[in-house]
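# Chains, contacts and geometry: an overview
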Amino acid sequence: MQNSNENTHIPHILVVDDELSMRELLELMMEREGYKVSCAESGNKAIELIEKTDFDLLLCDIRLGDITGLDVLRAAKKQNQDTVVIMISAYATAETAVEAMNDGAYDYLPKPFDKDELKHTIANALDLKTTKQEKKILDNKFKKTLHFGIIIGNSPKMMHIYGMIEQVAKTTTNILITGESGTGKELIAKAINEQSDRRDKPFVVINCGGIPETLIESELLGYKKGAFTGATQDKKGLFEIADKGTVFLDEIGELSIQLQVKLLRVVQDKVFKAVGGSEDISVDIRIISATNKNLEDEVIAGKFREDLFYRLNVIEIKVPPLRERKGDIRALCQHFLDKYSREMGKEVTRISSYAIDLLNKYDFPGNIRELENLLERSVALSSTNILLPESLTLSIHKRRWIEGIRNRRFDLNEVPHGVFLDSIMEEIESAYLKKALECTDGNISRAAEQLGISFRSMRYRLNKLKIEK
Ligand SMILES: Nc1ncnc2c1ncn2[C@@H]1O[C@H](COP(=O)(O)OP(=O)(O)OP(=O)(O)O)[C@@H](O)[C@H]1O
Ligand SMILES: [Mg+2]
């Protein structure tokens, strides 16, 4: 039986570039990916082809010999609104890129482009196109799903955590949430509470690091009138306020040893005495604690009681740092863009792939909180409604950090975290090209011969790496 036409449809791509080597490269690359490819060497030629053929996708340079890539983009969109157009340019300013995206370009990639990134972008774009509600989906290109109404991210590591949340929510087991600062521990505690039968009862957050040592005991346990100077009347402690509900003990690693002893009794027996009180108060509470410290190390160092540790840590939820789930960056960005655009009454609605790419190269020691702050600032300062790499308010320090990774020296003795094979390869390639040119007094064909590559390939590489002859 024959498949329907739709299933066997091979996407037809039009490459528009005035530079022969670029057309050849893109053509070859796209053919290898299994697409049907046509090429146009000028804007007018492209428009001529567009009028005759219905292309699925256009890869279009911005600077062409005659008219501009933006003219081609508009013509293509006029012909068929569904044609996906990806702009590529070495010269584009932020304004052109924004203009292109506002005129319906799917994305804008600066040259030299990363081959894998381009393949990925094209595959994604075509994927979206084949799904029927193309327009809708394009608008929600980075559609985010909220888990439990508050948590963003579909990476396998987060999916695993959502599974755990569901499993533990209906129990009263004590839970310890661990993870670096800003990874979303509090959000997870809230999600557990929301999924539990206690959701309508109090959810009391106790920041163990934030309450002064002298106050914490009376805050937690409450006090009786006359217990100390200033105790003019009885006061309920947070544990009692949380009765029938959930207590979230944040930064549990900050608790002093003395208070750990007191807490142990509450955790074990759900019973305690108010400061200055004599009778036992019993409560029905579910305890979720969180820490960014390694409590096991603290136990070994004698800073955290082992018995308390095991009581609190019946089930541990380990929240991975953002750098281990970079796949979530895109959805998180879109989420924070929406959030801050709304709050600030601005319309910064999209973020370009290259801005995402730049963020992917960063390690985010401050995790999601750092990403959120970055986007808040970027939205506040953005004068366009699309965030481009240059509109990200990355500090000089961070940009250097990213650049540092790009320029890391070739060294096989260590494969550090965050190493970029592509940039290392480029570095080596560039060194060989320069050397060969030097040895041949800048003669491209002889240099190419020396390196065992074709003249065309040599020229393309020189262009790509911006090497002057
Ligand atoms: N997956 C997520 N989706 C959406 N927002 C998130 C996510 N994770 C964290 N955030 C946001 O990032 C910020 C930091 O999260 P949260 O306070 O839960 O981190 P934390 O792990 O408790 O950090 P710390 O250890 O510093 O207290 C919050 O504004 C939170 O809303
Ligand atoms: Mg927290």
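One structure accompanies this document, and this report is about it. The structure displayed is predicted, hence computed values, not measured ones.

### Examining the overall build of the protein chain
The number of helices and strands found in the protein chain is 21 helices and 18 strands. Residue burial in the protein chain is summarised as follows: out of 469 residues, 48% are buried. Contacts spanning at least 24 positions in sequence make up 68% of the contacts within the protein chain whose residues lie at least 6 apart. Surface summary for the protein chain: the accessible area is close to 23900 Å², and the carbon and sulfur share equals 49%.

### Side note on the site of ligand 1
Around ligand 1, 17 residues are found, and the nearest of them are Ile152, Ser181, Gly182, Lys185 and Arg369. Between Ser181 and ligand 1, the recorded distance is 2.6 Å, taken from a side-chain N or O atom to an oxygen atom. For ligand 1, the accessible surface in isolation is 630 Å², of which the surrounding protein chains cover 85%. Secondary structure elements with two or more residues in the shell around ligand 1: strand E7 (151–152), helix H9 (185–195), helix H15 (329–344) and helix H17 (367–381). Residues belonging to the shell around ligand 1 are distributed by class as follows: 7 nonpolar, 5 polar and 5 charged. When residues of the shell around ligand 1 are assigned to domains, at least three fall in each of domain 2 (151–320) and domain 3 (326–396).

### Some remarks on the packing of aromatic side chains
Here the structure, examined in full by the defined rule, presents 6 aromatic pairs. Taken together, a centroid distance of 4.9 Å and an interplanar angle of 65° make the contact between Tyr223 and Phe228 edge-to-face.

### Focus: the environment of Asp17
Along the chain, the position of Asp17 falls in the loop between strand E1 (12–16) and helix H2 (20–32). Residue Asp17 is classed as buried on the basis of its relative accessible area of 2%. Distance from Asp17 to Cys60, taken between C-alpha atoms, is 6.3 Å for residues 43 residues apart in sequence. Among all residues touching Asp17, those that are not within four sequence positions of it are Met22, Arg23, Ala40, Glu41, Asp61, Leu64 and Lys111. A polar side-chain atom of Asp17 sits 2.9 Å from the main-chain amide nitrogen of Glu19.

### Description of helix H10 (residues 213–221)
An α-helix turns once per 3.6 residues; consequently, residues spaced three or four apart project the same way. Among all positions of H10, only Ile216, Ser218, Leu220 and Leu221 are buried. Where H10 ends, the next residue or the one after it, Gly222, has phi of about 85°, a positive value.

### Some points on unusual backbone geometry
Here Lys270, not a glycine, exhibits a phi torsion of approximately 55°, which is positive. Along the chain, Lys270 falls in the loop between helix H12 (257–269) and strand E13 (271–273). Phi is positive for Lys466, close to 55°, though the residue is something other than glycine. On the secondary structure map, Lys466 appears in the segment after helix H21 (455–464). We classify Lys466 as exposed; its relative accessible area is 56%.

### What to know about the nonpolar core
By size, the foremost hydrophobic cluster in this structure holds 32 residues, and its most contacted members are Ile206, Phe239, Leu249, Ile252, Leu263, Ile285 and Phe304. Secondary-structure elements contributing two or more residues to this core are strand E9 (203–207), H10, helix H11 (238–241), strand E12 (246–250), H12, helix H13 (295–300) and helix H14 (306–312). Per-element tally for this core: the top contributor is H12, with 5 residues. Setting aside chain neighbours within four positions, we find Ile206 in contact with Ile211, Leu220, Leu238, Phe239, Val247, Phe248, Leu249 and Asp250.

### Some thoughts on the environment of Gln258
Structurally, Gln258 is set in helix H12. A relative accessible area of 55% means that Gln258 is categorised as exposed. It is 9.8 Å that separates the C-alpha atoms of Gln258 and Glu217, two residues lying 41 residues apart in sequence.

### Concerning the packing of helix H8 (residues 156–169) against H9
Axis separation between H8 and H9 bottoms out at 8 Å; the angle between their running directions is 45°. Considering the angle they form, H8 stands oblique to H9. In terms of crossing hand, the pair formed by H8 and H9 is right-handed. Residues Ile161, Ile165, Val168 and Ala169 of H8 form the contact with H9, whose own contacting residues are Ile188, Ala191, Ile192 and Gln195. Considering only residue class, the contact of H8 with H9 consists of 7 nonpolar, 1 polar and no charged.

Conventions we followed
- Residues numbered from 1 in each chain as written.
- Chains lettered and ligands numbered in written order.
- Predicted model: local features only at pLDDT ≥ 70, side-chain atom pairs only at ≥ 80, totals over all residues.
- Heavy atoms only, no water.
- Helix = DSSP H or I, 4+ residues; strand = E, 2+ residues; numbered from the N terminus.
- Buried < 20%, exposed > 50% of the residue type's maximum accessible area, 1.4 Å probe, protein only.
- Contact = heavy atoms within 4.5 Å.
- Areas by Shrake-Rupley, 256 points an atom, 1.4 Å probe, with all protein chains shown as cover.
- Near = heavy atom within 4 Å.
- Polar contact = N/O pair within 3.5 Å; in protein donor to acceptor, adjacent residues only side chain to side chain.
- Nonpolar A, V, L, I, M, F, W, Y, C, P; charged D, E, K, R; others polar.
- Domains from an automatic or database assignment.
- Phe/Tyr/Trp six-rings, centres within 6.5 Å; stacked < 30°, edge-to-face > 60°.
- Core = buried A, V, L, I, M, F, W, Y, C linked by side-chain atoms within 4.5 Å.
- Axes fitted to C-alpha atoms, helices over the stretch in contact; angles between N-to-C directions.
- Parallel < 35°, antiparallel > 145°, perpendicular 65-115°, else oblique.
- Left-handed = near helix turned anticlockwise from the far one by under 90°.

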